[in-house]
Amino acid sequence: MFNNTQVQTLNPPQRLLMGPGPINADPRVLRAMSAQLIGQYDPVMTGFMNETMARYREIFKTKNEWTMLIDGTSRAGIEAVLCSILRPGDKVLVPIMGRFGHLLAEIAERVGAKVHTIEVPWGEVFTPEQIKKAIVDVKPHVLAMVQGDTSTTMNQPLEHIGDICQKHDVLFYCDATASIVGNELPADEWKLDALSVGLQKCLGGPSGSAPLTLSDKCAEWIQKRKKVEAGIRTAHHTDGTEPFVRSNYFDLGMIMNYWGEERLNHHTEATSMLYCASECARIVIEEGVDNCVARHKLHGDAMLTGIQALGLNVFGDLTHKMNNVLGVYIPEGINADHVRGQMLTDFGIEIGTSFGPLHGKIWRIGTMGYNARKDAVLQTLASLDACLHANGYKGPKGEAAIAALAHYK
């Protein structure tokens, strides 16, 4: 006998996701994902792959040939880069300003690198002078940094870091999962050697594909670690001169062969996620990358204005806040879980909690991707206002949405 739960149709509730990510996917992205599958070496499919590479060059503002997708969440992109550019024993410098700096350090440690870290308190960012001093002291092979860290809502300035890295012959890698197209990030101008992101934030898609780009210098280094599987190896393939990448799935050298002209088999491309990632990029390009960044700033600032009108305090250095995520101190005497729970069950709106040293101290509210729009901001502010006062808050009432509306005028 079958249990009835085994045959029920999947039917998730309608939610407005206004936390630090994931967010609601753009309906156009969902439609693209529903398109029929085709073979991975169908000329149409390889054409889609080339088109997707071109679109992400525009997203990243780069001319890098090796701009492609890693099949997996944004963490897969991080791991692919770090596995491929770090040999066991290589020194890597990781400046940590929040949870995801710790993640970069852990992945690098698992690769076998010698990890050196510097830290600032959560809510602050690094100065170029701090980074330069650490590079001079450590002499790393790689600098690995996070641009926008949703755990702290801070946006790390990067525009001067590339020059420092080039001067000291250091590969510069950045994880911009939470910040890409919501905050300025011109990869070539800022001299990044490797950049990886995810779809589930400002790009307006679901988690599951990790676009990345590699400078020529970075790609040449990875090719020195080249190793081709025996089952597909031919007489013209030669191994690199450096120790090969320990991961098969995350070996960017083999993935470059798959995305390049040789089309050397590595894995079966996640077709629906390719459609998805490509459509995410198309939508942003249609809007204009700079316009997309400006939209995130507009709605992020409106959210900030409304939160402050509620009498709530905002976390961190506001001069370095991400456009798309806001940290809000939980008022004293308010049950944070009750407020979040009521917003979810009564209004269908989700905002984020926090972790690490900020656990139980702040909420994190996002305005990103498809949800970086006026109605979503106003609905969130109005529901937060109502739920706070339903749970005993004594601050200003009815001011949040009005203040945000005034900001838009």
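- The name given to the protein in an unreviewed UniProt entry is Alanine--glyoxylate aminotransferase family protein, with the source organism recorded as Pseudoalteromonas arctica.
- As stated in UniProt under Sequence similarities (unreviewed entry), the record for the protein gives "Belongs to the class-V pyridoxal-phosphate-dependent aminotransferase family."
- Its UniProt record gives the protein the following Cofactor (unreviewed entry) comment, quoted word for word: "pyridoxal 5'-phosphate".

**Focus: the side chain of Asn-324**
Next up, step 1: Structurally, the position occupied by Asn-324 is in the loop between α10 (289-309) and β11 (325-329).
Next up, step 2: Take Asn-324: its relative accessible area is 0%, and that puts it in the buried class.
Next up, step 3: A polar atom in the side chain of Asn-324 sits 2.9 Å from the backbone oxygen of Ala-178.
Next up, step 4: Not counting the four nearest positions on each side in its chain, Asn-324 is found in contact with Ala-178, Asn-183, Cys-202, His-296, Ile-365, Gly-366, Thr-367 and Met-368.

**Focus on helix α8 (residues 252-259)**
Next up, step 1: With 8 of its 8 residues buried, α8 lies for the most part within the structure.
Next up, step 2: All buried positions along α8 are accounted for by Leu-252, Gly-253, Met-254, Ile-255, Met-256, Asn-257, Tyr-258 and Trp-259.
Next up, step 3: Contact partners of the buried residues in α8: α2 (43-60), β2 (66-71), α3 (74-85), β10 (209-214), α7 (216-223) and α9 (271-287).
Next up, step 4: For α8, the side-chain oxygen to backbone nitrogen distance between the N-cap and Gly-253 is 2.9 Å, and the N-cap itself is Asp-251.

**Quick notes on the pairing of β10**
Next up, step 1: With respect to burial, β10 is a largely interior element, 6 of its 6 residues being buried.
Next up, step 2: Here 6 bridges tie β2 to β10, and the two strands are oriented antiparallel to one another. Looking at the pairing, Ile-70 lines up with Ala-210 of β10.

**Observations concerning the sheet that holds strand β9 (residues 194-196)**
Next up, step 1: Pairing within the open sheet is mixed, and its 7 strands lie in the order β2-β10-β9-β8-β5-β3-β4. At either margin of the open sheet sits one strand with a lone partner, and together these are β2 and β4 (114-119). Adjacent strand axes in the sheet meet at a mean angle of 20° when their direction is disregarded.
Next up, step 2: Where strand β3 (residues 91-96) lies against strand β5 (residues 142-146), 2 bridges are found, and the strand directions are parallel. Its bridge partner lying in β5, Leu-93 is registered against Leu-143.
Next up, step 3: Together, β2 and β10 form the strand contacts of α8, whose direction differs from that of β2 by roughly 105°.

**Some points on the packing of aromatic side chains**
Next up, step 1: Scanning the entire structure with this criterion turns up 5 aromatic pairs.
Next up, step 2: Look at Phe-315 and Tyr-329: their rings are 5.9 Å apart centre to centre, the planes differ by 70°, and that puts the pair in the edge-to-face class. In this pair, Phe-315 is assigned in the loop between α10 and β11 and Tyr-329 in strand β11, connecting sequence segments 14 residues apart.
Next up, step 3: The buried category is assigned to Phe-315, whose relative accessible area is 6%.
Next up, step 4: Residue placement shows Arg-99 over the ring face of Phe-355; its charged tip is 4.9 Å from the ring centre.
Next up, step 5: Just above the ring of Phe-355 sits the side chain of Arg-364; from NZ or CZ to the centre is 4.7 Å.

Rules behind the numbers
Residues numbered from 1 in each chain as written. Predicted model: local features only at pLDDT ≥ 70, side-chain atom pairs only at ≥ 80, totals over all residues. Heavy atoms only, no water. UniProt positions renumbered as here; feature names shortened; annotations may be inferred. Helix = DSSP H or I, 4+ residues; strand = E, 2+ residues; numbered from the N terminus. Buried < 20%, exposed > 50% of the residue type's maximum accessible area, 1.4 Å probe, protein only. Polar contact = N/O pair within 3.5 Å; in protein donor to acceptor, adjacent residues only side chain to side chain. Contact = heavy atoms within 4.5 Å. Pairing = 2+ DSSP bridges. Axes fitted to C-alpha atoms, helices over the stretch in contact; angles between N-to-C directions. Phe/Tyr/Trp six-rings, centres within 6.5 Å; stacked < 30°, edge-to-face > 60°. Lys NZ or Arg CZ within 6 Å of the ring centre and 35° of its normal.

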